[in-house]
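Commentary on secondary and tertiary structure
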Amino acid sequence: MRTQLEGGQVGAGVSQPLWGGLAISLNVQGVGQNSQGSTVVPATSAGTIDGWTLFNQASAGIITPSSQVPLYAAGASINFARNGSLLRVAVALESTTILNTLADAAANVPLYWDPVNLCITTSASSTYALPASAQLLGLSATSKTVTYSGGNATWNAAGPAAIIRI
Amino acid sequence: MPLIAPARVLVHPSRIEPNLIITIAQPSGFAQGLGGKKLRQLLSDNDKVVYQNHVDVRTAVAAQQAAANVLPSATITLDYIQTLTYLIRTRQDYNELDVADAGEYNVALPAAYRLAARQGINQFIRAAFIYGVNASNSEGIINTPNATAVTLPPDTFGDTTLRTYDAGQLAIWFNAQIQYALQSMFRLGMPGRVVLLGPQRIIGTLQWQDIVQVTSYQRPGAGTATTGQVVSKIGDENDVTIDWAYDDTLIGKGAGGTDAVLLLVPEAVVPSIPGINTNEFAKLSPTTDAMIMQYTNVAAPTEITTPIPEGLDVVSMQRITSGWCPRPQATTVLSLPY
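Residues numbered from 1 in each chain as written. Chains lettered and ligands numbered in written order. Predicted model: local features only at pLDDT ≥ 70, side-chain atom pairs only at ≥ 80, totals over all residues. Heavy atoms only, no water.

1. Things to note about unusual backbone geometry
Residues and elements named next belong to chain B. Condition: To qualify as a helix, a DSSP run of H or I must reach at least 4 residues; to qualify as a strand, a run of E must reach at least 2; elements of each kind are numbered from the N terminus. Exposure categories follow from relative accessible area, calculated using a 1.4 Å probe and restricted to protein chains: below 20% of the type maximum is buried, above 50% is exposed, and the middle band is partly exposed.
With an omega of 0 degrees, the peptide bond between histidine 12 and proline 13 qualifies as cis. The omega torsion of the bond from serine 285 to proline 286 falls at 0 degrees, within 30 degrees of zero and hence cis. On the secondary structure map, proline 286 appears in the loop between β7 (259-264) and β8 (295-296). Phi at asparagine 106 is positive, roughly 65 degrees, even though this residue is not glycine. One can find asparagine 106 in the loop between α1 (96-103) and α2 (109-131). Relative accessible area serves as the criterion here: at 48%, asparagine 106 is assigned to the partly exposed category. The backbone of glutamate 310 shows a phi angle near 65 degrees, a positive value even though the residue is not glycine. The residue glutamate 310 is located in the loop between β9 (302-308) and β10 (311-321) in this model.

Structure below.
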């Protein structure tokens, strides 16, 4: 994990802050400006899912008492894992129903990224297919997932989540 | 806020009793509900907010007959909570003429003003503890987010008010609420303290009137003990002290205009068990056993006395927080129709 954990910078045009476990698209910085790492923006299609944001070591995220999930706004440093790094990443699932349908599934079950609800689902409608190399490793009904509303991100103490290998 | 000390018409001869009849206010028992029974005197004079850090842990292990290298890891999440502080201030101005006028009534005006200022500040501290300075910020114990709220259900005879309720069933209902509060904190079987803070007319009825009726079957205290005595006795036998505390501002503050009684567990030792302890993570220190808190900067209000033209100006002030219950399990709001 440690040697594959990359740091990047949230893109200047990102209006809603990012947090860990989101599908992202990565862009290189300008010539000679590599020090801050790749530019991180939310993925906008199946083909642009280049990696996943991570909370690991990303202690530059900002919390307040009413927004307890670390948030990374435009220009902030954020950590991520790139597809092909083979890292295991915890991602939120859309619902407990989806969680239950994935129980006992094959590791290569087709998964999709919901760009509105910012979670993994099994529906191909208005979602982006994950790269074929992504594998489902495990499921939890009582993980911590993120609820974002009105600029505040809070922990849902018992949310459904999955571990995927990217 | 004037001093009203008018001239009196007296008959001669007469006798003036020297002792005063003073308006009596209720000395609220709210402080019983604080961890350690007192405010935490930890604020600096200018602290605007109190923060407390929070640690959450999610553990994961692999368990296989042989070893592999891809292993899950624990996740430790840190965040924090806050409560605001408020500076309570009051001012008294007087001169030697006011002192002389009050003296005609055998009242020492500087002492009277000092005590009046303290009483006003102390009553505000009480209100801040129970109801919060700003309720919409979830301040005040009665507004604790996610606290359990229970309304007294009808007894088996259909009685819904405290005055008509079956006393034995009422005792068992109170004991049940205490049990639920303790078990939500994993504290059954441990010594401790539970506070029941409510209006005099509720707590008093439990203590003085509600003698458990004799029935065709044996029940605790039947014919001999009141609801309050049964609750206290069973508490004693379980090593849990029941502190009854009174505050009449809770009249009408329960659900639907009923009277509110706050069931508080102000202190909690971290539950533990020898050997394999499934609460091992809670041994992380520093931690606090105070579940219900209110902060202050001074034990009694600071007084600043300033000479002003032809008199004195006395400002009394104290900085406090509202009542704060970071663990909602420590607070149960009981609603009882009187």
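2. What to know about helix α3 (residues 167-184) of chain B
All names here are of chain B. Cut-off, in case you're wondering: Expected helix span is taken as 1.5 Å per residue step, with the number of steps being one fewer than the number of residues. Pairs of N or O atoms are called polar contacts if they sit within 3.5 Å, as long as, within protein, a hydrogen donor faces a hydrogen acceptor (for residues adjacent in sequence, only side-chain-to-side-chain pairs).
End to end, α3 covers 26 Å across 18 residues, agreeing with the expected 26 Å (1.5 Å per residue, within 8%). Listed as buried for α3 are Ala167, Gly168, Leu170, Ala171, Trp173, Phe174, Asn175, Ala176, Gln177, Ile178, Ala181 and Leu182. Backbone nitrogen of glycine 168 and a side-chain oxygen of the N-cap are separated by 3.2 Å at the start of α3; the cap is aspartate 166. Positive backbone phi, at 55 degrees, marks phenylalanine 186, one or two positions downstream of α3.

3. Section: helix α4 (residues 200-209) of chain B
At 3.6 residues per turn, the α-helix brings residues three or four places apart onto the same side. Selection rule: Two residues qualify as a contact provided that any one of their heavy atoms is within 4.5 Å of a heavy atom in the partner residue.
The set of residues buried in α4(B) consists of Ile202(B), Ile203(B), Gly204(B), Thr205(B) and Leu206(B). Tucked inside the fold, the buried residues of α4(B) contact α3, β5 (192-198), α5 (227-237), β6 (240-246), β7 and β11 (331-336) of chain B.

4. With respect to the packing of aromatic side chains
Each pair of aromatic rings is reported with the distance of its centres and the angle of its planes. The test is simple: Stacked, edge-to-face and tilted are the three classes for Phe, Tyr and Trp ring pairs, Trp counted by its six-membered ring, which pair at centre distances within 6.5 Å; planes under 30 degrees apart are stacked, over 60 edge-to-face, the rest tilted. For a Lys NZ or an Arg CZ to count as sitting over a ring, it must be within 6 Å of the ring centre and within 35 degrees of the ring normal.
Within the structure shown, the criterion is met by eight aromatic pairs over all chains. The interplanar angle of 50 degrees and the centroid separation of 5.4 Å between the aromatic rings of Phe30(B) and Phe129(B) together place this pair among those described as tilted. Here the residue Phe30(B) occupies a position in the segment before β1 (40-41), and Phe129(B) occupies one in helix α2, the gap between them amounting to 99 residues. Summarising the burial analysis for this pair, Phe30(B) and Phe129(B) share the class buried. Across the ring face of Trp155(A), the terminal group of Lys144(A) is positioned such that the distance to the ring centre comes to 5.0 Å.

5. Re the sheet that holds β7(B)
Residues and elements named next belong to chain B. To be explicit about the condition: Between any two strands, pairing holds if DSSP finds at least two bridges. The angle between two axes is taken between their N-to-C directions and runs from 0 to 180 degrees, where each axis is a line fitted to C-alpha atoms and a helix contributes only its stretch in contact.
Taken in spatial order, the five strands make up an open sheet running β4-β11-β7-β5-β6, and their pairing is mixed. Each edge of the open sheet is held by one strand with a lone partner, namely β4 (148-151) and β6. Adjacent strand axes in the sheet meet at a mean angle of 20 degrees, parallel and antiparallel pairs treated alike. Two strands pair when backbone bridges link them, and β7 and β11 are joined in this way by six bridges, in the antiparallel orientation. Considered in β11, the bridge of leucine 262 is made with valine 333. Packed on one face of the sheet, α4 meets β5, β6, β7 and β11 and runs near 135 degrees to β6.

6. Some points on the packing of α3(B) against α5(B)
Residues and elements named next belong to chain B. Formally: Each helix crossing is assigned a hand: it is left-handed if the near helix lies turned anticlockwise from the far helix by less than a right angle, otherwise right-handed if that turn is clockwise.
Relative orientation of the contacting elements α3 and α5 amounts to 35 degrees, with a least axis distance of 9 Å. The way α3 lies across α5 gives a crossing that is right-handed. Within the contact between the two elements, α3 uses Ala167, Leu170, Ala171, Phe174, Asn175 and Ile178 and α5 uses Thr227, Val230, Val231 and Ile234.

7. Focus: the pairing of strand β8 (residues 88-92) of chain A
Residue and element names in this part refer to chain A. Residues Val89 and Val91 line the buried face of β8, whereas the alternating positions Arg88, Ala90 and Ala92 sit on a face that is not buried. Relative to strand β13 (residues 152-165), β8 runs antiparallel, the two sharing five bridges. Bridge pairing links valine 91 to alanine 162 in β13.

8. What about the sheet that holds strand β12 (residues 135-149) of chain A?
Residues and elements named next belong to chain A. With antiparallel pairing, three strands are arranged side by side in an open sheet as β8-β13-β12. The open sheet has two edge strands, β8 and β12, and neither has a second partner. Direction aside, the axes of adjacent strands within the sheet are offset by 30 degrees on average. As paired strands, β12 and β13 are joined by eleven bridges and run antiparallel to one another. Paired with glycine 138 across the bridge in β13 is isoleucine 163.

Any functional reading would require information that these geometric values do not contain.
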